[in-house]
Amino acid sequence: MSDNKPMRIRSISDFHKLRGLPAPKHPLISVINFEDMTEQTKVGKQSLLFDFYMISVKRDMEHKYKYGQNDYDFDEGVMFCMAPHQILSVIREEEGRNPSGWMLMIHPDFLWNTALSASIKRYEFFDYSINEALFLSEDEEVKMQQIIENIKQEYQSNLDQFSQDIIISQLVTLLNYSQRFYQRQFITRRKASHQFLEKLENFLSDYFEGNITAYGLPTVQLLSEKLNMSPQYMRGLLKSLTGQTTQQIIHEKLIEKAKEWLSTTERTISEIAYELGFEHPQSFNKLFKAKTNISPLEFRNSFNIGNLLKLNLKK
């Protein structure tokens, strides 16, 4: 199969057929165990594009997954989530056994006319990369398994007017636990997190120290690319570690550098604005005043006249 032409999986029934599974009990939602698949991923690379949400917990993987530009080798039990129309590439180097674990598939039509249809978009982990998967503890995995069994039991029993609401409530519980466990992961993987903060600090320092007028202001997308991290995961990690968004961190570093140049150099305010990446000095003045409550000129004058007390009073 060509790397440039992924196989599109339009329905849950199509995925069941692809993996040699019986027809799903419900056309819009299904839970499968990987051990039950009779058709394995072929040797080589296979790219799949799903038209539905997918949440899975895998362990004992003998092949690699690729999402975007990131590879991940599943040698531990981890959970990852995908939204519709994202591409997942599976790379298998040789024949082998199936992994263990489960996969939950939910078609967007199942969520139609429910509150979750809109609120599911706030769960940013659907846009995390594979290398940002959730590492579950044994107790956390048991908790997830219990919820999955409840969902499976409900849609496999006789459906009635309450079935959808009950399943939706279980889905919300599953998603909220996932959110909680990701927050836990940000904290417990503290060494990696602080290494990330150090890299972020160094990159922004280097960025503002260099000749950056050709690049403009640093963006969230630029930082995520340079630090090999999806924008959504980076935002969640920074909020957990610093209480600030990525954009707030960028602005904080920018204002810090602006204050340094205003107080220690003779560059004009326009020159500083351009060197920081602003196209127009007015935009720099507006941001500086919004963040400090004074204009760049007032900040500079406070040093020229030695009136730091007056500056503090204005704040």
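Values in this document were obtained by computation on a predicted structure and should not be read as measured data. (Residues numbered from 1 in each chain as written. Predicted model: local features only at pLDDT ≥ 70, side-chain atom pairs only at ≥ 80, totals over all residues. Heavy atoms only, no water.)

### Some details on the overall build of the protein
What the protein contains, in helices and strands, is 12 helices and 10 strands. Expressed as a percentage of contacts within the protein between residues at least 6 apart in sequence, the contacts between residues at least 24 apart total 72%. (Helix = DSSP H or I, 4+ residues; strand = E, 2+ residues; numbered from the N terminus. Contact = heavy atoms within 4.5 Å.)

### A few points about the packing of aromatic side chains
The geometry of an aromatic ring pair is captured by two quantities: the separation of the ring centres and the angle between the planes. Tallied over the full model, the rule gives 17 aromatic pairs. Ring geometry for Phe288 and Phe299: centres 5.8 Å apart, planes at 70°, overall edge-to-face. With Phe288 in helix H10 (residues 281–292) and Phe299 in helix H11 (residues 296–304), the pair connects residues that are 11 residues apart, well separated along the chain. Judged by its relative accessible area of 0%, Phe288 falls in the buried class. Over the ring of Tyr123 we find Arg122; its NZ or CZ atom is 4.5 Å from the centre of that ring. Its guanidinium or amino end placed over the ring of Trp261, Arg267 lies 4.5 Å from that ring's centre, counting from NZ or CZ. (Phe/Tyr/Trp six-rings, centres within 6.5 Å; stacked < 30°, edge-to-face > 60°. Buried < 20%, exposed > 50% of the residue type's maximum accessible area, 1.4 Å probe, protein only. Lys NZ or Arg CZ within 6 Å of the ring centre and 35° of its normal.)

### A look at the nonpolar core
Ranked by internal contacts, the top residues of the largest apolar core, which has 64 residues, are Ile55, Leu104, Phe126 and Leu171. Top contributing element to this core by residue count: helix H4 (residues 163–188), with 8 residues. Among the nonpolar cores identified, the runner-up in size contains 20 residues, and Ile12, Ile32, Met82 and Ile130 belong to it. (Core = buried A, V, L, I, M, F, W, Y, C linked by side-chain atoms within 4.5 Å.)

### A short note on unusual backbone geometry
Although it is not a glycine, His85 sits at a positive phi angle of roughly 75°. Among the structural elements, His85 can be located in the loop between strand S7 (78–82) and strand S8 (87–92). Notably, Asn113 is not glycine yet its phi reads approximately 65°, a positive angle. Checked against the element boundaries, Asn113 lands in the loop between strand S9 (100–106) and helix H2 (116–119).

### Regarding helix H7 (residues 231–242)
The end-to-end C-alpha distance of H7, which contains 12 residues, comes to 16 Å, matching closely the 16 Å that a straight helix rising 1.5 Å per residue would cover. Within H7, burial applies to Tyr233, Met234, Gly236, Leu237 and Leu238. In the segment just after H7, Gly243 is the residue with positive phi, at about 80°. (Expected span 1.5 Å × (residues − 1).)

### Thoughts on the sheet that holds S7
Spatial strand order, S2-S9-S4-S7-S10: 5 strands in an open sheet with antiparallel pairing. Among the strands making up the open sheet, the edge pair consists of strand S2 (29–33) and strand S10 (134–135). The sheet contact formed by S2 and S9 spans 5 bridges and is antiparallel. When the sheet's bridge partners are listed, Ile32 is paired in S9 with Met103. Packing of helix H3 (residues 138–156) onto the sheet brings it into contact with S2, strand S4 (53–59), S7, S9 and S10, and relative to S2 it is tilted by some 125°. (Pairing = 2+ DSSP bridges. Axes fitted to C-alpha atoms, helices over the stretch in contact; angles between N-to-C directions.)

### Some details on the environment of Arg184
For Arg184, the position within the fold is in helix H4. In sequence terms Arg184 and Leu134 are 50 residues apart; their C-alpha atoms lie 9.8 Å from each other. Excluding its chain neighbours within four sequence positions, the residues that come into contact with Arg184 are Leu134, Phe135, Leu136, Ser137 and Glu140.

### Observations regarding the pattern of salt bridges
As enumerated under the stated definition, the model contains 7 salt bridges in all. Close ionic contact of Glu140 with Arg184 constitutes a salt bridge, the shortest N to O distance being 2.6 Å. With Glu140 in helix H3 and Arg184 in helix H4, this pair connects stretches of sequence that are 44 residues apart. For Glu140, a relative accessible area of 10% puts it in the buried group. For Arg184, a relative accessible area of 23% puts it in the partly exposed group. For the salt bridge of Arg267 with Glu275, the shortest nitrogen-to-oxygen distance reads 3.3 Å. Looking at Arg267, the relative accessible area reads 27%, which means it is partly exposed. On the basis of relative accessibility, which here comes to 28%, the residue Glu275 falls in the partly exposed class. Here the salt bridges share partners, and the residues they tie into one network are Glu201, Lys253 and Glu256. (Salt bridge = Lys/Arg side-chain N within 4 Å of Asp/Glu carboxyl O.)

### Some remarks on helix H8 (residues 246–264)
A rise of 1.5 Å per residue sets the reference length of H8, with its 19 residues, at 27 Å; its end C-alpha atoms lie 27 Å apart and thus fit the reference within 8%. Looking only at H8, the buried set comprises Thr246, Ile249, Ile250, His251, Lys253, Leu254, Ile255, Lys257, Ala258, Trp261 and Leu262.

### Side note on the pairing of S7
Most of S7 sits out of view: 5 of its 5 residues are buried. Of the two faces of S7, both are covered, the one formed by Val78, Phe80 and Met82 as well as the one formed by Met79 and Cys81. Across 5 bridges, the pairing between S4 and S7 is antiparallel. Across the sheet, Met54 pairs through a bridge with Met82, a residue of S7. Alignment of S7 against S10, held across 2 bridges, turns out to be antiparallel. Its bridge partner lying in S10, Met79 is registered against Leu134.

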